[in-house]
Amino acid sequence: MGLMTAASSGEDSSDQGRSAGFWALTLGSIGVVYGDIGTSPLYAFREALHAATSGGANMSQEAVLGVVSLILWALIVIVTLKYVLLLLRADNKGEGGTLTLMALAQRALGRSGTTLLILGTIGAAMFYGDAILTPAVSVLSAVEGMKLVTPALNEFVVLITVVIIVGLFLVQSHGTARVGAFFGPIMVVWFLVMGLAGLWHIKDAPVVLTAFNPWHAVAFMLSHGHIGFVALGAVFLAVTGAEALYADLGHFGRKPIQMAWMVLVLPSLALNYLGQGALVLKSPTPEILDNPFYMMVPQNPLFLVPMVVLATIATIIASQAVITGAYSLTRQAIQLGLLPRMKVLHTSEHQSGQIYIAQVNTILLIGVLILVLVFESSSRLASAYGIAVTTTMVVTAMMAFLVIWKVWRWSMLAAGLIIAPFLLIDLVFLSANLLKVFEGGWVPLMIAGALMVVMITWRVGTRLVLDKTRRTEVPLMTIVKSIEKGSVTRVPGTAIFLTSDPDYTPTALLHSLKHYKALHEKVAILTIQTTDEPKVAGGGRISMEEVSATFTKMRVQFGYMESPNVPKALALCRKAGWSFDIMDTSFFLSRRHLRAGSKPTMSRWQRRLYMILARNADDASDYFSIPSNRVVEIGTQVLM
């Protein structure tokens, strides 16, 4: 009996531990995953209603119910059905996101297709556009509530927004581990307050509950023609942030994200939009139409000020989510060969996903500040907001079709029947948002276009440089046979040569022999590869091949969401039986100096861009975490 009791007690504590972990992840997902979509009620209904009623001039019950119905069904179809129930299952070893889906599709097809690469770069580039727009539009929309507290603050809205944004980006280098612990509880309060505010106002016009009937959405679109299509672009603002569900899959897991959406986030959002609709149906005054979200709160500083403060904190949290997402996406892009090396700082000893990239932080800050200072209001910025997200959603749907077909092994017809309705809806929303290109929609297109040029230039340029250097390289076995005959003086110690192609002699090794006329007693040719898996079990996958008595080829594989680390790789090799003394070991790196040749291999502007990117790439020894006092860099010139 005693043994049975002990076993039962152990199972209970284990179940309690799993339960506690699940609810902690659920709470965390509310703070990080749903920050962006959770702040959409600040501006989404307002912008959609303005578009549907020509700024309130053509106000009608049909228009209000149509807009609310469109928003509700966008949340149900796009977020719930497409992302929460379908795409969260299309994971790569538990990880999600645009580049993750690209890697998964490439593995399924067995090749690195140009079409998939272009789709991946479009999705990634558009995410950066979203990362710049979200802090600008979210924080501005929250701070604008201060005008209702006292009109005298109207002149300071932009200044206060700039101060908040600058402060937000300045603290990034300190990490978000401590602040992140408060994100969940604050966002829970935010969603509850939003839901209760909406619930309180539904009684103003209970007819708003009929918006759950999709016929109101269909009838509005059929009867309003072009205006309905324009309004659809604004309706999409209600689902911006849905991509974060998929991108943050690896941080929280599928079930916690699903639980948070179904139990708290979706009900709170639905109630708030219904409440805004009811308020407008009861009193369609210019003041209410100008800011229906804040007008749901009693117009008393005792209630209004806390609401503005809470909204501002919520928008800062929403901004934090896309900023950290941009860091993660950048690391993935570097590992997949789409961007030059950048210094990645880990800001947490416990969470490998918490990183900071100074260059990305600076670019995002400058971009956000420019948007705030140029557009000056959330309404003007809202026009620019939807295009980036809709394009990413279209790309995601197209790659999801390949994954369902090839990875899940469904028939092409079944995969098409599942994805086609979502892709059609995404394309309709994208078309509606493209109508706003000249009203600010050009901003994310310009940002994404510039980033795509950078990504493609870096990938093409890197390939051309590798092809050029390979023409002068000698097969490794040719050099090894020559050295083993005793034609080269050997000195004590170990030399590790880093190379991307272990079958050919590293340039640094050739130049070392040419200039020093000597070589270390033990030589290792080390290749670090990035796999199409997000993380490799055990911290890295190694393979070693003894080429001769003194030469060893070593290959270490890391996942595309991991930072390559040479000391860590060598520790794995030591476990596998390769012995060395770090104090008696030298690391040799090849540094290529690019020069413009008389016969350019790329167009002049693209060659110049590639050379600028290469010059500003992070030092290889820093990127691979090699002890700087053990590194020898040997340069070689490459004509482009």
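Before reading on, note that the structure itself is shown above.
Please read these numbers as outputs of a predicted model, since none were measured by experiment. Residue indices begin from 1 for each chain and proceed along its sequence in written order. Confidence filtering applies because this is a predicted model: local features only for residues at pLDDT of at least 70, side-chain atom pairs given and counted only at 80 or more, and all residues used for totals across whole chains, interfaces and linings. Working from all heavy atoms in the structure, the side-chain values ignore hydrogens and water.

Section: a nonpolar patch on the surface
No. 1: Patches here: salt-bridge-free residues with over 30% relative accessible area, like charges joined within 9 Å, nonpolar side chains (Val, Leu, Ile, Met, Phe, Trp, Tyr) joined within 5 Å. Using a 1.4 Å probe, accessible areas were evaluated by the Shrake-Rupley method; residue-level cover was limited to the displayed protein chains. Note on definitions: salt bridges are taken to be side-chain nitrogens of Lys or Arg within 4 Å of carboxyl oxygens of Asp or Glu. On the surface, a nonpolar cluster with roughly 340 Å² of combined accessible area is contributed by Leu-81, Leu-85, Met-262 and Val-263.
No. 2: Elements are defined by DSSP. Helices are runs of H or I of four residues or more, strands are runs of E of two residues or more, and each kind is numbered from the N terminus. Counting only elements with at least two residues in the nonpolar patch, the list comes to α4 (61–86) and α13 (254–282).
No. 3: Here Met-262 shows up in helix α13.
No. 4: For Met-262, a relative accessible area of 37% translates into the label partly exposed. The classification of residues rests on relative accessible area computed with a 1.4 Å probe and restricted to protein chains. Under 20% of the type maximum is buried, over 50% is exposed, and intermediate values are partly exposed.

Structural notes on the pattern of salt bridges
No. 1: Under the criterion given, the structure shown has 7 salt bridges.
No. 2: One salt bridge in this structure joins Arg-46 and Glu-47, with 2.9 Å as the shortest N-O distance. With respect to burial, Arg-46 and Glu-47 carry one shared label: buried.
No. 3: With a closest N to O distance of 3.9 Å, Asp-204 and Lys-282 form a salt bridge. In this pair, Asp-204 sits in the loop between α9 (177–202) and α10 (215–235) while Lys-282 sits in helix α13, placing the two residues 78 residues apart along the sequence.
No. 4: With relative accessibility at 19%, the residue Asp-204 sits in the buried group.
No. 5: Through salt bridges with shared partners, a single ionic network connects Lys-203, Asp-204 and Lys-282.

Some details on the sheet that holds strand β8 (residues 631–639)
No. 1: Strand pairing is defined by DSSP finding a minimum of two bridges between the two strands. The strand order across the open sheet formed by 6 strands is β5-β6-β4-β3-β7-β8, and the pairing between neighbours is mixed. Across the chains shown, the open sheet's two edge strands, defined by having one partner strand only, are β5 (541–546) and β8. The average angle at which neighbouring strand axes cross in this sheet is 25 degrees, direction not considered.
No. 2: Across 9 bridges, the pairing between strand β7 (residues 585–595) and β8 is parallel. Inter-axis angles, ranging from 0 to 180 degrees, are taken between N-to-C directions of lines fitted to C-alpha atoms, where helices are fitted over the stretch in contact.

Describing the packing of aromatic side chains
No. 1: Any Phe, Tyr or Trp ring, taking Trp's six-membered ring, that has another such ring centre within 6.5 Å forms a pair; planes under 30 degrees apart are called stacked, those over 60 apart edge-to-face, and the others tilted. Per the counting criterion, the structure on display carries 11 aromatic pairs.
No. 2: Centroid distance Tyr-327 to Tyr-356: 5.8 Å. Interplanar angle 80 degrees. Geometry classified as edge-to-face. A residue pair is termed long-range when its members are at least 10 positions apart, and Tyr-327 in helix α16 (residues 301–335) and Tyr-356 in strand β2 (residues 355–356) qualify at 29 residues.
No. 3: Here the aromatic cluster, defined as three or more aromatic residues joined through ring pairs, consists of Trp-190, Phe-293 and Tyr-294.
No. 4: The ring of Trp-200 has Lys-203 sitting right over it, with the charged end atom 4.5 Å from the ring centre.
No. 5: Note on geometry: a ring has a charge over it if NZ (lysine) or CZ (arginine) is within 6 Å of the ring centre and within 35 degrees of the ring normal. Here Lys-406 stacks its cationic end above the ring of Trp-405, 4.3 Å away from the centre of that ring.

Observations regarding the nonpolar core
No. 1: Nine residue types can take part in a nonpolar core, namely buried Ala, Val, Leu, Ile, Met, Phe, Trp, Tyr and Cys, and a core is a set of them joined through side-chain atoms within 4.5 Å. Judged by nonpolar contacts, the single largest core of 187 residues is most densely connected at Tyr-34, Leu-75, Trp-190 and Trp-261.
No. 2: Element by element, the count of residues in this core is highest for α4, at 16 residues.
No. 3: Whether two residues are in contact is decided by their heavy atoms: any pair within 4.5 Å suffices. For Trp-261, the contacting residues outside a window of four places in its chain are Tyr-34, Ile-37, Leu-75, Val-79, Thr-80, Val-84, Leu-266, Pro-267 and Leu-269.

So yeah, pure geometry; function would need other evidence.
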